[in-house]
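Chain by chain, the residues run as shown.
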Amino acid sequence: MNIAINQPLTISETVISDEANLVQQALLQRGLETPLVDNDLTNEEKYQRIKASFTDIVATLGLDLTDDSLAETPHRIAKMFVGEIFSGLDYSQFPKITVIDNKMSVDEMVRVKDISFTSTCEHHFVTIDGMATVAYIPKDKIIGLSKINRIVRFFAQRPQVQERLTQQILVALQALLNTDDVAVSMDARHYCVKARGVMDASSSTQTTALGGCFKSNDKTRSEFLAK
């Protein structure tokens, strides 16, 4: 069912959790937070401004906004930007995190492979997609496995550069688990390379962020990086 052109955006704006605050402060201290300014706009206000701006862009390109295929395009883009692909800019959307005491005394690597993610290049606002691998060595705490995937997705839902995205996931998990022993690797294709400019459809970009024993211990690092 098509949504009416003037139907307002509905996104819940809730209180930022303690975990989200902890992660945000850790990123700010490390200089790894996405460059942001507080413009005091609600999600609805952001939606309305983006919708108006994209109406101008589409019209400037010479497209006919009275055509039924194009009429809702500014609405779709504004809704997508605020409520979907850039929702990671809003810390009230940070995933609810389940961290439990390490009662089993687990002290070996926990690794989650092949986490699919989709992000957006902040230089050209086109797609980045790829796979992430995340690992940590438990100390006092263990995190629910699905929460690792959700953290990857949260930081991917921003205008990004892959290097910063990789580091943000690392620091977020270090803060939540209270350990430096975290590692992240990402392999992604950038559509700013694939679909424009050099137009290379086959290359990919790999980035790695290592903390604690993943950086200092050759054996642990090699185990993490092994396929």
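Residues numbered from 1 in each chain as written. Predicted model: local features only at pLDDT ≥ 70, side-chain atom pairs only at ≥ 80, totals over all residues. Heavy atoms only, no water.

- An unreviewed UniProt entry annotates the protein chain as GTP cyclohydrolase 1 originating from Sinobacterium norvegicum.
- Turning to the protein chain, the UniProt annotation filed under Catalytic activity (unreviewed entry) states: "GTP + H2O = 7,8-dihydroneopterin 3'-triphosphate + formate + H(+)".
- UniProt lists a comment for the protein chain under the heading Pathway (unreviewed entry), and it reads "Cofactor biosynthesis; 7,8-dihydroneopterin triphosphate biosynthesis; 7,8-dihydroneopterin triphosphate from GTP: step 1/1." (UniProt positions renumbered as here; feature names shortened; annotations may be inferred.)

Digging into the side chain of T133
No. 1: As for its placement among the helices and strands, T133 is situated in strand β3 (residues 127-136).
No. 2: The residues touching T133, leaving out its near neighbours within four places in the chain, are R111, V112, K113, D114, A183, V184, S185 and F224. (Helix = DSSP H or I, 4+ residues; strand = E, 2+ residues; numbered from the N terminus. Contact = heavy atoms within 4.5 Å.)

Focus: the UniProt feature "domain: GTP cyclohydrolase I" (unreviewed entry) in the protein chain
No. 1: In the numbering used here, UniProt assigns the feature "domain: GTP cyclohydrolase I" (unreviewed entry) to residues 50-226.
No. 2: Its end C-alpha atoms 44 Å apart, residues 50-226 is made of 38% helix and 25% strand.

Overview of the sheet that holds strand β7 (residues 205-210)
No. 1: If you trace the five strands from one edge of the open sheet to the other, you get β5-β2-β3-β6-β7, paired in mixed fashion. The open sheet terminates on both sides in strands that have one partner only, identified here as β5 (159-160) and β7. (Pairing = 2+ DSSP bridges.)

Considerations on the environment of V171
No. 1: Mapped onto the elements of the fold, V171 is located in helix α5 (residues 162-177).
No. 2: Taking the C-alpha atoms as reference points, V171 and A26, separated by 145 residues in sequence, lie 6.9 Å from one another.
No. 3: Ignoring sequence-local partners within four residues, the contact set of V171 consists of A26, L27, R30 and L32.

Here's the deal with the UniProt feature "binding site: Zn(2+)" (unreviewed entry) in the protein chain
No. 1: Here the UniProt feature "binding site: Zn(2+)" (unreviewed entry) sits at C121, H124 and C192. In summary, the annotated positions, though distributed over 72 residues, converge in three dimensions, the widest C-alpha pair being only 7.3 Å.
No. 2: For C121, a relative accessible area of 4% gives the class buried.
No. 3: Look past the residues within four positions of C121 in its chain and what remains in contact with it is V126, I128, Q160 and C192.
No. 4: On the basis of relative accessibility, which here comes to 11%, the residue C192 falls in the buried class. (Buried < 20%, exposed > 50% of the residue type's maximum accessible area, 1.4 Å probe, protein only.)

Some words on the environment of A156
No. 1: Looking at the secondary structure, you find A156 in helix α4 (residues 145-156).
No. 2: Considered as a pair, A156 and T42 are 114 residues apart in the sequence and their alpha carbons are 21 Å apart.
No. 3: Not counting chain neighbours up to four residues away, the residues in contact with A156 comprise F117, T118, S119, T120 and L165.

Focus: the packing of α4 against α5
No. 1: Contact pair α4 / α5: the axes reach a minimum separation of 10 Å and the direction vectors enclose 135°. Overall, the two elements α4 and α5 adopt an arrangement that is oblique. α5 is crossed by α4, and the crossing has right-handed handedness. Here I148, I151, V152, F155 and A156 of α4 come into contact with α5, specifically with L165, Q168, I169, A172, L173 and L176.
No. 2: A class-by-class count of the residues in the contact of α4 with α5 yields 10 nonpolar, one polar and no charged. (Axes fitted to C-alpha atoms, helices over the stretch in contact; angles between N-to-C directions. Parallel < 35°, antiparallel > 145°, perpendicular 65-115°, else oblique. Left-handed = near helix turned anticlockwise from the far one by under 90°. Nonpolar A, V, L, I, M, F, W, Y, C, P; charged D, E, K, R; others polar.)

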